Amino acid sequence: MTSTPAVYPPVRVDAALDSPLSRWLWLVKWILVIPHYIVLFFLWIAFFVVSVIAFFAILFTERYPRPLFDFNVGVLRWSWRVSYYSYGALATDRYPPFSLGEEPDYPARLEIAYPERLSRGLVLVKWWLLAIPHYIVVGFFVGGYQARMWIGGLISVLAVIAAVIVAVTTAYSRDLFDLIMGLNRWTLRVTAYASLMTDEYPPFRLDMGGIDPASQPLVPTPPSTQPQPPLKS
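About the cut-offs
Residues numbered from 1 in each chain as written. Predicted model: local features only at pLDDT ≥ 70, side-chain atom pairs only at ≥ 80, totals over all residues. Heavy atoms only, no water. Salt bridge = Lys/Arg side-chain N within 4 Å of Asp/Glu carboxyl O. Helix = DSSP H or I, 4+ residues; strand = E, 2+ residues; numbered from the N terminus. Buried < 20%, exposed > 50% of the residue type's maximum accessible area, 1.4 Å probe, protein only. Core = buried A, V, L, I, M, F, W, Y, C linked by side-chain atoms within 4.5 Å. Contact = heavy atoms within 4.5 Å. Axes fitted to C-alpha atoms, helices over the stretch in contact; angles between N-to-C directions. Parallel < 35°, antiparallel > 145°, perpendicular 65-115°, else oblique. Left-handed = near helix turned anticlockwise from the far one by under 90°. Expected span 1.5 Å × (residues − 1). pLDDT = per-residue confidence, 0-100. Phe/Tyr/Trp six-rings, centres within 6.5 Å; stacked < 30°, edge-to-face > 60°. Lys NZ or Arg CZ within 6 Å of the ring centre and 35° of its normal.

What about the pattern of salt bridges?
- On inspection of all chains with the given rule, the structure shows 12 salt bridges.
- Two residues, Lys 29 and Asp 93, come together in a salt bridge whose shortest N-O distance is 3.0 Å. Of this pair, Lys 29 sits in helix α1 (residues 29-32) while Asp 93 sits in the loop between α3 (66-85) and β2 (108-112), and the two are 64 residues apart along the sequence.
- Using a relative accessible area of 25% as the deciding quantity, one classes Asp 93 as partly exposed.
- In this structure, Arg 174 and Asp 178 form a salt bridge, with 3.6 Å as the shortest nitrogen-oxygen distance. Linking Arg 174 with Asp 178, this pair stays in helix α7 (residues 174-194), spanning four residues, or about one helical turn.
- Classification of Arg 174 as partly exposed rests on a relative accessible area of 46%.
- Salt bridges here are not isolated pairs; linked through shared partners, they connect Arg 185, Arg 189, Arg 205, Asp 207 and Asp 212.

Structure (structure tokens):
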């Protein structure tokens, strides 16, 4: 009897809540991550350029060039680690590495499966038209510039609330952590889709918790081997 291969969704976001956490370090993390912000500023410019090149590559060849794909995944990984350390979660005090690699020992991890083939038709519309409903939701999660000032989104607000709770009780609320992870997971899935890295439409779903449900294989149900009753005439 042959086994049915496991199927994994394309974007997997995992994180581990560190303990104990400093009561007051979160107050200065915005200063500590400035070197990362400077590097990421240039990396995101490169990310945009690479995405444009990938757009035309997919349009003509149905493939995302692997070196370009790996680079953009690296930028997303780096950004996710910095966000997890700072005001996207405030769930670790381990300073994020300056790295585009996987860094499996760091408590925040991101994996995006390389697609062997991508749709020529979808590449024309998914990053602006199909993703519009998600952009509205994610905009509420992450905030943005309004009236010449940055307005924090729900994720940052919840992360600061969690940090204040840590300052008072020394414990990070597990319920808040699970919710913050669900919001970040949703955001990263939409980012991967809008960046042309997958054709699988992101679910409108909060998959909460540190371990991504995508880390558990989805095993397709094998066809039934039971004999079928004869059809009645």
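Considering the nonpolar core
- Within the largest apolar cluster, 54 residues are counted, with the highest numbers of intra-cluster contacts made by Tyr 64, Trp 80, Tyr 84, Ile 112 and Tyr 172.
- Secondary-structure elements contributing two or more residues to this core are β1 (11-15), α2 (34-61), α3, β2, α5 (132-142), α6 (154-169) and α7.
- Ignoring any residue separated from it by four or fewer positions in sequence, one finds Trp 80 in contact with Val 13, Asp 14, Ala 15, Ala 108, Arg 109, Leu 110, Met 181, Asn 184 and Leu 188.

What about the packing of α6 against α7?
- It is at 10 Å that the axes of α6 and α7 come closest, and there the two elements cross at 155°. Taken as axis vectors, α6 and α7 run roughly antiparallel relative to one another. Note that α6 runs across α7; the crossing there is left-handed. For the pair formed by α6 and α7, the contact residues are Leu 154, Ile 155, Leu 158, Ala 159, Ile 161, Ala 162 and Ile 165 on the first element and Leu 176, Leu 179, Ile 180, Leu 183, Asn 184 and Thr 187 on the second.

With respect to α2
- Along its 28 residues, α2 runs 39 Å from first to last C-alpha, staying within 8% of the 40 Å computed at 1.5 Å per residue.
- For α2, the complete set of buried residues consists of His 36, Leu 40, Leu 43, Phe 47, Val 50, Ser 51, Ala 54, Phe 55, Ala 57 and Ile 58.
- Check the buried side of α2 and you find it contacts α3 and α4 (120-130).

Some points on unusual backbone geometry
- Following Ser 19, the chain continues to Pro 20 via a peptide bond in cis, the omega torsion being 0°.
- Topologically, Pro 20 is positioned in the loop between β1 and α1.
- Within the chain, Leu 90 stands out as a residue other than glycine whose phi angle is a positive 55°.
- In this fold, Leu 90 is placed in the loop between α3 and β2.
- What makes Leu 90 buried here is its relative accessible area of 5%.

A short note on the side chain of Asn 184
- With respect to the helices, strands and loops of the structure, Asn 184 is situated in helix α7.
- Residues in contact with Asn 184, not counting those within four places in the same chain, are Trp 80, Ser 83, Gly 88 and Ile 155.

Here we look at the confidence of the model for the chain
- Looking at the chain as a whole, its pLDDT mean stands at 91, while 87% of the residues score no less than 70.
- For residues 1-5, every residue scores under 50 in pLDDT, and the model assigns this stretch four contacts once sequence neighbours within four places are set aside.

A word on the packing of aromatic side chains
- A full pass over the atoms with the stated rule returns 15 aromatic pairs.
- Ring geometry for Tyr 64 and Phe 69: centres 5.4 Å apart, planes at 85°, overall edge-to-face. This pair shows no difference in class: Tyr 64 is buried, exactly as Phe 69 is.
- Ring geometry for Tyr 201 and Phe 204: centres 6.2 Å apart, planes at 45°, overall tilted.
- Overall, Tyr 201 belongs to the partly exposed group, its relative accessible area being 32%.
- Its relative accessible area of 47% is what places Phe 204 among the partly exposed residues.
- An aromatic cluster of three or more residues is present, and its members are Phe 140, Phe 141, Trp 186, Tyr 193, Tyr 201 and Phe 204.
- The lysine or arginine in question, Lys 29, covers the ring of Tyr 85, its NZ or CZ lying 4.3 Å from the ring centre.

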